[in-house]
Amino acid sequence: MNISKRQNALLLALLICLPIIALIHLFVGQIDISFTDYFDSIFNFDDRNASHLISRELRIPRMTMAVIAGAGLSIAGLLMQTLFNNPLAGPYVLGINSGASLFVALTIMTGIPFFTSDLGIVTNALIGAFLFGLIILFFSTMVRMQISLLLIGLMLGSFTSALVSLAQTASDAQELKIFTMWALGSLQKVELHQLPLILACFGASILGAFLVVKPLNALVLGDKEARLLGTNIKRVRLVIILITAIITGVVTAFCGPIAFVGLAVPNLVRILFKTQSHAILIIASILIGAMFILLCDIAIQLIEPHFIMPINALTSIIGAPFVILLVLRRLK
Amino acid sequence: MKISFLAVLAILFVSCDGNKQKKHASFDDPEKIEIRYAENFKLKKIKDGYLLELLKPGTKDVSETYEIYPSENKKIISLTATLNGMLAALNSQDLIVGISDYDHVYDSGIRSRFKNGGVKEYGGTAQNSLEKLVASEANIIFYDIVDEQFPNQQKLKKFGIQVMPIYDWRENHPLAKAEWIKVVGAITGKIKEANAFFDQVEKDYNILKNLGKNYSKKPTVLCGNLIGDSWYTPSGNNYYAMMIEDAGGDYRYKTTKGTISLALSIEQILNDNLKTEIWLNPGYKDKTTILKTNPHAKHLGAFKNNVYCYSNGMKKFWEQSASRPDLVLSDMIVLFHPEDKSIGTLNFYSQIN
Amino acid sequence: MIQTQGLHIGYSESILSMDDLHLSNGVHILIGRNGSGKSTFLKTLAGQIPKIMGSIKIQNNEVSAISIEELPKIISFVSSQFPIVEFLRVSEFVGLGRNPHTNFFGKKTNKDIEAIDKALETLGISYLRDRFTLELSDGEKQLVSIAKALTQETAIIALDEPTAFLDYSNKKLVLGKLVAIGQEFNKCILLSSHDLDLSLDVNCPFLVIDDTSKTIRFIEPGISKSELIKIAFD
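These numbers come from a predicted model, not from an experiment. (Residues numbered from 1 in each chain as written. Chains lettered and ligands numbered in written order. Predicted model: local features only at pLDDT ≥ 70, side-chain atom pairs only at ≥ 80, totals over all residues. Heavy atoms only, no water.)

### Quick look at the overall build of chain C
A count of helical and extended segments in chain C gives eight helices and 11 strands. A compact globule built from 234 residues would reach a C-alpha radius of gyration of about 17 Å, and chain C, at 17 Å, matches this within 12%. Long-range pairs, those at least 24 residues apart, make up 68% of the contacts in chain C with a sequence separation of at least 6. For chain C, the exposed area adds up to about 10,300 Å²; of that, 50% sits on carbon and sulfur atoms. Charge centroids of chain C, computed over 24 positive and 29 negative side chains, lie 2 Å from each other. (Helix = DSSP H or I, 4+ residues; strand = E, 2+ residues; numbered from the N terminus. Rg over C-alpha atoms; globule rule 2.2 N^0.38 Å. Contact = heavy atoms within 4.5 Å. Areas by Shrake-Rupley, 256 points an atom, 1.4 Å probe, with all protein chains shown as cover. Lys, Arg positive; Asp, Glu negative; His and termini not counted. Charge placed at Lys NZ, Arg CZ, Asp CG, Glu CD.)

### Details of the environment of C:Phe185
Residues and elements named next belong to chain C. Along the chain, Phe185 falls in the loop between α6 (168–184) and β9 (188–192). Overall, Phe185 belongs to the partly exposed group, its relative accessible area being 24%. Residues contacting Phe185, with those up to four places away along its chain left out, are Lys118 and Thr122. (Buried < 20%, exposed > 50% of the residue type's maximum accessible area, 1.4 Å probe, protein only.)

### Considering the interface of chain A and chain B
In this complex, chain A contributes 28 residues to the contact, which on the side of chain B involves 28 residues. Both sides together, the interface formed by chain A and chain B hides about 2,700 Å², and carbon and sulfur atoms give 58% of it. Sorting the residues of chain A by area buried against chain B places A:Gln174, A:Lys177 and A:Lys189 first, and these three jointly supply 20% of that buried surface. In this assembly, chain A and chain B are joined by two salt bridges. Between A:Glu191 and B:Lys298 there is a salt bridge, and its shortest N-O distance comes to 2.0 Å. Those elements that place two or more of their residues in the side of chain A that touches chain B are α3 (50–83) and α8 (173–184) of chain A. (Buried area = accessible area lost by both parts, 1.4 Å probe. Salt bridge = Lys/Arg side-chain N within 4 Å of Asp/Glu carboxyl O.)

### Section: the pairing of strand β5 (residues 96–99) of chain B
All names here are of chain B. With three bridges connecting them, strand β4 (residues 76–78) and β5 associate as parallel partners. Looking across to β5, one finds that Ile77 is bridged to Gly98. Assessed by its sense of winding, the connection that carries the chain from β4 through helix α2 (residues 81–89) to β5 is right-handed. Inspection of the sheet shows β5 paired to strand β6 (residues 120–121) by two bridges, in the parallel sense. By the bridge assignment, Ile99 is partnered in β6 with Glu121. Taken together, β5, helix α3 (residues 108–115) and β6 form a β-α-β motif whose crossover is right-handed. (Pairing = 2+ DSSP bridges. Right-handed = clockwise from strand over helix to strand, strands pointing away.)

### Re the nonpolar core
Grouped burial of nonpolar side chains is what soluble globular proteins tend to show. If you look at the biggest cluster of nonpolar residues, it comprises 249 residues, and the most contacted ones within it are B:Trp279, B:Leu280 and B:Tyr349. In terms of residue count, α3(A) provides more of this core than any other element does, 17 residues in total. Two domains each donate at least three residues to this core, and these are domain 1 (20–203) and domain 2 (207–351) of chain B. Counting 29 residues, the second largest nonpolar core, distinct from the first, contains A:Leu228, C:Ile9, C:Ile56 and C:Phe77. (Core = buried A, V, L, I, M, F, W, Y, C linked by side-chain atoms within 4.5 Å. Domains from an automatic or database assignment.)

### Quick word on the pattern of salt bridges
The final tally for this structure, using the stated rule, is 27 salt bridges over all chains. For B:Glu179, the salt bridge identified is with B:Lys182, shortest N-O distance 3.0 Å. Residue B:Glu179 is classed as buried on the basis of its relative accessible area, which comes to 0%. Under the relative-accessibility criterion, B:Lys182 is labelled buried at 1%. Among the salt bridges present, the one from C:Lys38 reaches C:Glu161, with a minimum N-O distance of 3.9 Å. With C:Lys38 in helix α1 (residues 38–45) and C:Glu161 in the loop between β8 (156–159) and α6, this pair connects stretches of sequence that are 123 residues apart.

### Description of the pairing of strand β2 (residues 15–18) of chain C
All names here are of chain C. Pairing geometry for strand β1 (residues 2–10) and β2, over three bridges, is antiparallel. Bridged to Gly10 within β2 is Ile15. In this structure, β2 lies alongside strand β11 (residues 215–219), joined through two bridges in parallel fashion. Note that in β11 the partner of Met18 across the bridge is Ile216.

### A closer look at unusual backbone geometry
Residue and element names in this part refer to chain C. Although it is not a glycine, Asn60 adopts a positive phi angle of roughly 70°. Tracing the backbone shows Asn60 in the loop between β5 (53–58) and β6 (61–62). Phi angles above zero are rare outside glycine, and Glu161 is one such case at about 45°.

### Digging into the sheet that holds strand β11 (residues 230–234) of chain B
All names here are of chain B. Ordered in space as β10-β11-β13, the three strands form an open sheet in which the pairing is antiparallel. A strand with exactly one partner marks an edge of an open sheet, and here the two such strands are β10 (225–227) and β13 (261–265). Strand-to-strand twist across the sheet, computed as the mean angle between neighbouring axes with direction ignored, equals 45°. Across five bridges, the pairing between β11 and β13 is antiparallel. Bridge pairing in β13 links Ser230 to Ser265. The strands touched by helix α10 (residues 266–273) are β10, β11 and β13; relative to β13, the strand with the most contacts, the crossing angle is about 95°. (Axes fitted to C-alpha atoms, helices over the stretch in contact; angles between N-to-C directions.)

### Focus: the sheet that holds strand β9 (residues 220–223) of chain B
Sheet strands pair by backbone hydrogen bonding; their relative direction is either parallel or antiparallel. Residue and element names in this part refer to chain B. Taken together, the five strands give an open sheet; going across it, the order is β12-β9-β14-β15-β16, and neighbouring strands pair in mixed fashion. Each end of this open sheet is capped by a strand with a single partner; those strands are β12 (250–251) and β16 (350–351). Looking at chain direction, β9 and β12 are connected through two bridges and run parallel. Bridging from a neighbouring strand, Val221 pairs with Tyr251 of β12.

### Quick notes on the side chain of B:Lys177
All names here are of chain B. Tracing the backbone through its elements, the reader meets Lys177 in helix α6 (residues 174–179). For Lys177, which is buried and forms no salt bridge, the nearest opposite charge comes from Asp168, at a distance of 5.2 Å. A polar atom in the side chain of Lys177 sits 3.5 Å from the backbone oxygen of Trp169. Among the polar contacts made by the side chain of Lys177, one reaches the main-chain carbonyl oxygen of Glu171 at a distance of 3.2 Å. (Polar contact = N/O pair within 3.5 Å; in protein donor to acceptor, adjacent residues only side chain to side chain.)

### Here's the deal with the packing of aromatic side chains
Residues and elements named next belong to chain B. Under the counting rule described, the total for this entry stands at 22 aromatic pairs over all chains. Ring geometry for Tyr102 against Phe114: centres 4.2 Å apart, planes inclined by 15°, an arrangement best described as stacked. Pair noted here: Tyr102 is in the loop between β5 and α3 and Phe114 is in helix α3, with a separation of 12 residues, a long-range link. Under the relative-accessibility criterion, Tyr102 is labelled buried at 13%. (Phe/Tyr/Trp six-rings, centres within 6.5 Å; stacked < 30°, edge-to-face > 60°.)

### Brief notes about α6(C)
Residues three or four positions apart in an α-helix share a direction because the helix packs 3.6 residues into each turn. All names here are of chain C. Here α6 contains 17 residues, and its C-alpha end-to-end distance of 24 Å stays within 8% of the 24 Å for a straight helix at 1.5 Å per residue. Looking at the buried positions of α6, the neighbouring elements they touch are β4 (26–31), α4 (110–122), α5 (138–151), β8, β9 and α7 (196–201). Of the residues flanking the end of α6, it is Asn186, one or two places downstream, whose phi is positive at about 60°. (Expected span 1.5 Å × (residues − 1).)

### Things to note about the confidence of the model for chain C
Taken residue by residue, chain C gives an average pLDDT of 90. The fraction at 70 or more is 100%. Across the assembled chains, the prediction reports ipTM 0.90 with pTM 0.85. (pLDDT = per-residue confidence, 0-100.)

### A few points about the state of the cysteines
The bond known as a disulfide is covalent and runs between the sulfur atoms of two cysteines. Tallied over the entire structure, the rule returns zero disulfides over all chains. Its sulfur unpaired, A:Cys201 is 13 Å from the next cysteine sulfur, which belongs to A:Cys255. Under the relative-accessibility criterion, A:Cys201 is labelled buried at 17%. Unpaired in terms of disulfides, C:Cys204 finds its nearest cysteine sulfur in C:Cys188, a separation of 11 Å. Since its relative accessible area comes to 6%, C:Cys204 is described here as buried. (Disulfide = S-S within 2.5 Å.)

### Things to note about the packing of α3(A) against helix α12 (residues 233–255) of chain A
Relative orientation and spacing of two packed helices are given, respectively, by the angle between their axes and the distance between those axes. All names here are of chain A. Remark: α3 packs on α12, axes separated minimally by 9 Å, with the N-to-C direction vectors making an angle of 150°. One element, α3, and the other, α12, form an angle in the roughly antiparallel class. The two elements α3 and α12 cross, and the hand of that crossing is left-handed. In contact with Met65, Ile68, Ala69, Gly72, Leu73, Ile75, Ala76, Leu79, Met80 and Leu83 of α3, α12 contributes Arg237, Ile240, Ile241, Ile243, Thr244, Ile247, Thr248, Val251, Phe254 and Cys255. In terms of residue class, the contact of α3 with α12 is made up of 16 nonpolar, three polar and one charged. (Parallel < 35°, antiparallel > 145°, perpendicular 65-115°, else oblique. Left-handed = near helix turned anticlockwise from the far one by under 90°. Nonpolar A, V, L, I, M, F, W, Y, C, P; charged D, E, K, R; others polar.)

Shown next as structure tokens:
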């Protein structure tokens, strides 16, 4: 009982912190925006008022996207780590991002109008992510060592970046520029009217993750043990890959690639909560993942007047050393 | 060149205090060389040729020295659009045997020579092939890469191929950029023509400038676009900001210091520019593409009817904008003051739809 | 409880035939050389690998016909390897034994929690409840694994070499617990082992793999050690 009390207290603390950080995020930036501006921008919107526009069209979508990207990628990472029984797995290292990137690159560069539409890019990022998820899944059944799968994921990444470079040389300057802009990554390309679609995908994925809590708990013991406990492994694998693909695809399509969040956050969560109960791990990953990206983005905006840093760079700067620590810790 | 206009702006780092005129000791030679605006090179007559000194930005120190003998320069590889334009302006495009990319060439003379094999493609500065360059038997290669040595420079020298950077983009006065045509004049042995060409450009520019300054109504102007999460736009002392002022425009960031580009957040841009009347150089040819990379652009006041880019003649712009600032200024006046029908039509710019 | 008829098991090259069996409650000990097919038999029974021919029935149902959701309610399997998982608590690990019984979301009812408590108590390891599985000793790991199988509340428990990595006292303890469980809870327990002396002590029937004739033979309790060795290892 003591343990679950501690876990609940921790969850409660995170639950209180998240909205506070989200609120701080809304008020950070080079333009001063007041509470009244937010109130008016929602109930009394005037599109000729800069403060209204900034709060409604920039800050709210940016904050929402930070929450979704952080929470989503963390869940994706958690699911993959459990599925592949590998705490160093994640959508980025296993090349799921690469799949999304490759398909976005191809769609931008083919120039077919449907594909280059909003929905087109999202759909293709999804397909790419799912396809690469299946490829990794296929390889996971063939390799025994955990490290092999990570290497295969990295190779997939290198392979696709080579393909993307090839596509780049064949594309015209304008397409190239659009792709380069996309690949730079940003939390602030999202528009208010796109949020419902993104939120729907995000919500569906979260729901999906909760639906596989029971199999996830069993998968902790490995495929064989899970099957002995009545888990339909094949179905669960597909569902997990699908959820991961939806989250990674949507986040990658709108924000560009964001590294290490999916890998680092679930590990941090397990270290904090010291459990393998996925109901708790999922909730905590959502909360900590969201907070992590929000804090990163707050930091980026605070240093922006002096120094410009893309979100992907900051998450890597923090995430990569953390992952090295994790590896060292496991080697002990 | 694949380097975007914005990126070029972003790397300008020459400090400059306006159009201070510099008088150099004149030579007794009839083809006297007088540099009035440019701050990044010096050109002197020597026996049978010229001495070109490239100066370190912001200082008077000589960083590189080249002896130029026009009679030797029979075959030129030009990897920069500016130089193509300047050679064409002096009717010397026949000297060109190599370019970076045929698709980026505007001049019809170079294009037709490419088609009948007189001109070959050598790719950008970074990715060209040493063997191909040697086989070209060119005397000299011009490039404009930023802050970097030309690859295999020493090896090329052994084969008698000189490489020379063209730093027109480091100049921070529109006429200083144009003045680099005198370097081209020295190289091709057409210094007289180059002087005449520049004098005409200078004269035309100043006439337009006097016209531009006298408009009473000056529209507000915004430049640039997002790269990543930052909106790059020229600082107040940048040559482009200078040209907006010369054309009778009210540049939104004219009071900012420095010559390099400003990097502003989209929030700052929206905050400052909801009512700005004209948006120049968004970097894309159509509004759909602008929105794809910068969806929030639609809130800008100018987005609806007043976005302009040099998309009318992109290649022409790359080749000629440095040597013909008068044409660029004329375009700006037409855009800023459509009520004045006396200027004529647009050379490079067009409205973006 | 377990019935076989003309059963052949194994992988493509090495096939074992089998005496027709009719196993009921109590402990049955599987004896045989390394690689002779002990695990193969247990895995066939647990539905992990398909049989080659013949019939193997649990409670009158052909194993291959029982769905993967139903099978874990009838038979639990304790593998020879204990999973290496960080931050997995004993309570969580043992609780996974309830997976076949809990609802879609894996929500544990009072009944589930009672089953966990009871299993820990039966094996005398209630004090391990909040410990991490990685911190357990080999003996404790084995007891915890058995507790998980008990929690599953199945009629049959199959154990792959449960005493292999234990010291003598722990071997004796684990085997004793299993015999007690077999009697007390009316379960059919099958385990493979190399510990002949201990196995003979508990006075259980044997399933001996005769490596020369490639058959698994049922041997009543009371067989002498030399006879056992002769069948299994000569």
